[in-house]
Amino acid sequence: MRGKMVNETHTKRRAILIFTLNRSGVLNKIASLIRRKMRNVDTITACATQQPGISRMTITLREDSDDKMLQVAKQIEKLTEVISAKELDIDQSFWREVAIVKFEADGAHLEQLRKNHALEILVRQNNEVCVAQVAGTSQVVDSFMQEIGKEKIIEVARSGFTAMEK
């Protein structure tokens, strides 16, 4: 066998909050650095900040080792365009995502979903197909989709996480 097969299962979801100069190619540099460290990015969200020329990114990945996460954050921070990079403590920050879900539901099932979840109905087609938006923690989104039922879901679009310190 030519090379060593690595079979690591990273189960702990982690988030790195990064502030950068708003320049083209920065996201690619950060993603390439993470890839070189043999990590797979779960989600990336990015937006402009209130300060002109500064962007904010939240990158999530799965990693059990605190030391490896610290190393990744320090390596990101060394990039010239990066102002700061640090891991967010899940207990000291808010993590949220948005999902848009197209699914089949009759009137009674839809009312039950409305009762149990803070959702916004975006459109209802033929009283059988519904497109709804739900936002919250990943547990909130997952619970909503479980209650719909896998066999009733037609399509799902999830935004990825954004996070902010408390």
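Just above, that's the structure.
None of these values were measured; they are calculated from a predicted model. (Residues numbered from 1 in each chain as written. Predicted model: local features only at pLDDT ≥ 70, side-chain atom pairs only at ≥ 80, totals over all residues. Heavy atoms only, no water.)

A. Highlighting the pattern of salt bridges. In total, this model carries 9 salt bridges according to the counting rule given. In this structure, Glu 97 and Arg 158 form a salt bridge, with 2.7 Å as the shortest nitrogen-oxygen distance. Of the two residues, Glu 97 is situated in strand E5 (residues 93-104) and Arg 158 in strand E8 (residues 153-158); the sequence distance between them amounts to 61 residues. By relative accessible area, which is 34% here, Arg 158 ends up partly exposed. For Arg 158, the salt bridge goes to Asp 142, with nearest N and O atoms at 2.9 Å. Of the two residues, Arg 158 sits in strand E8 while Asp 142 sits in helix H4 (residues 138-148), which places them 16 residues apart along the sequence. Assessed through its relative accessible area of 32%, Asp 142 is described here as partly exposed. Within this structure, Arg 13, Asp 42 and Arg 62 form a network of salt bridges that share partners. (Salt bridge = Lys/Arg side-chain N within 4 Å of Asp/Glu carboxyl O. Helix = DSSP H or I, 4+ residues; strand = E, 2+ residues; numbered from the N terminus. Buried < 20%, exposed > 50% of the residue type's maximum accessible area, 1.4 Å probe, protein only.)

B. Structural view of the layout of surface pockets. Estimates place the volume of the largest pocket at around 150 Å³. Lining the largest pocket are Arg 13, Ile 90, Ser 93, Phe 94, Trp 95, Arg 96, Thr 137, Ser 138, Gln 139, Phe 161 and Lys 166. Secondary-structure elements contributing two or more residues to the lining of the largest pocket are E5 and H4. By residue number, the principal contributor to the lining of the largest pocket is E5, which donates 4 residues. Residues that form the lining of the largest pocket fall into these classes: 4 nonpolar, 4 polar and 3 charged. (1 Å grid on protein atoms, 1.4 Å probe; cavity = no way out; pocket = protein on both sides within 12 Å on 5 of 7 lines; lining within 4 Å. Points joined across faces, edges and corners; volume = space filled by probe spheres on them. Nonpolar A, V, L, I, M, F, W, Y, C, P; charged D, E, K, R; others polar.)

C. Broad picture of the sheet that holds strand E4 (residues 82-88). On the basis of which strands lie adjacent, the open sheet formed by 4 strands has the order E2-E3-E1-E4 and antiparallel pairing. Edge positions in the open sheet fall to strand E2 (41-48) and E4, since each of these has one partner strand only. Adjacent strand axes in the sheet meet at a mean angle of 15° when their direction is disregarded. Across 9 bridges, the pairing between strand E1 (residues 13-21) and strand E3 (residues 54-62) is antiparallel. Counterpart to Ile 16 in the pairing with E3 is Ile 59. Against the sheet, helix H1 (residues 26-36) makes contact with E1, E2, E3 and E4, and its axis sits at roughly 25° relative to E3, the strand it touches most. Along the sheet face, helix H2 (residues 66-77) touches E1, E3 and E4 and points at about 165° away from the line of E4. (Pairing = 2+ DSSP bridges. Axes fitted to C-alpha atoms, helices over the stretch in contact; angles between N-to-C directions. Contact = heavy atoms within 4.5 Å.)

D. Main features of the environment of Gly 107. Residue placement: Gly 107 occurs in helix H3 (residues 107-116). Taking the relative accessible area as the measure of exposure, Gly 107 reaches 36% and is therefore partly exposed.

E. Representation of H2. Counted at 1.5 Å a residue, the expected span for H2 with its 12 residues is 16 Å, and the 17 Å between its end C-alpha atoms agrees. Regarding H2, the residues found buried are Met 69, Val 72, Ala 73 and Ile 76. One side of H2 holds all its buried residues, which, seen down the axis, span an arc of 95°. Where H2 begins, one side-chain oxygen reaches toward the backbone nitrogen of Asp 67, 3.4 Å away; that side chain belongs to Ser 65. (Expected span 1.5 Å × (residues − 1). Arc of directions from axis to C-beta. Polar contact = N/O pair within 3.5 Å; in protein donor to acceptor, adjacent residues only side chain to side chain.)

F. Quick peek at the side chain of Glu 81. Turning to its location among the elements, Glu 81 is positioned in the loop between H2 and E4. With relative accessibility at 12%, the residue Glu 81 sits in the buried group. What Glu 81 contacts, discounting residues up to four positions off in sequence, is Thr 20, Leu 21, Arg 23, Val 26 and Lys 29.

Scope: geometric values only; no functional claims are made or implied.
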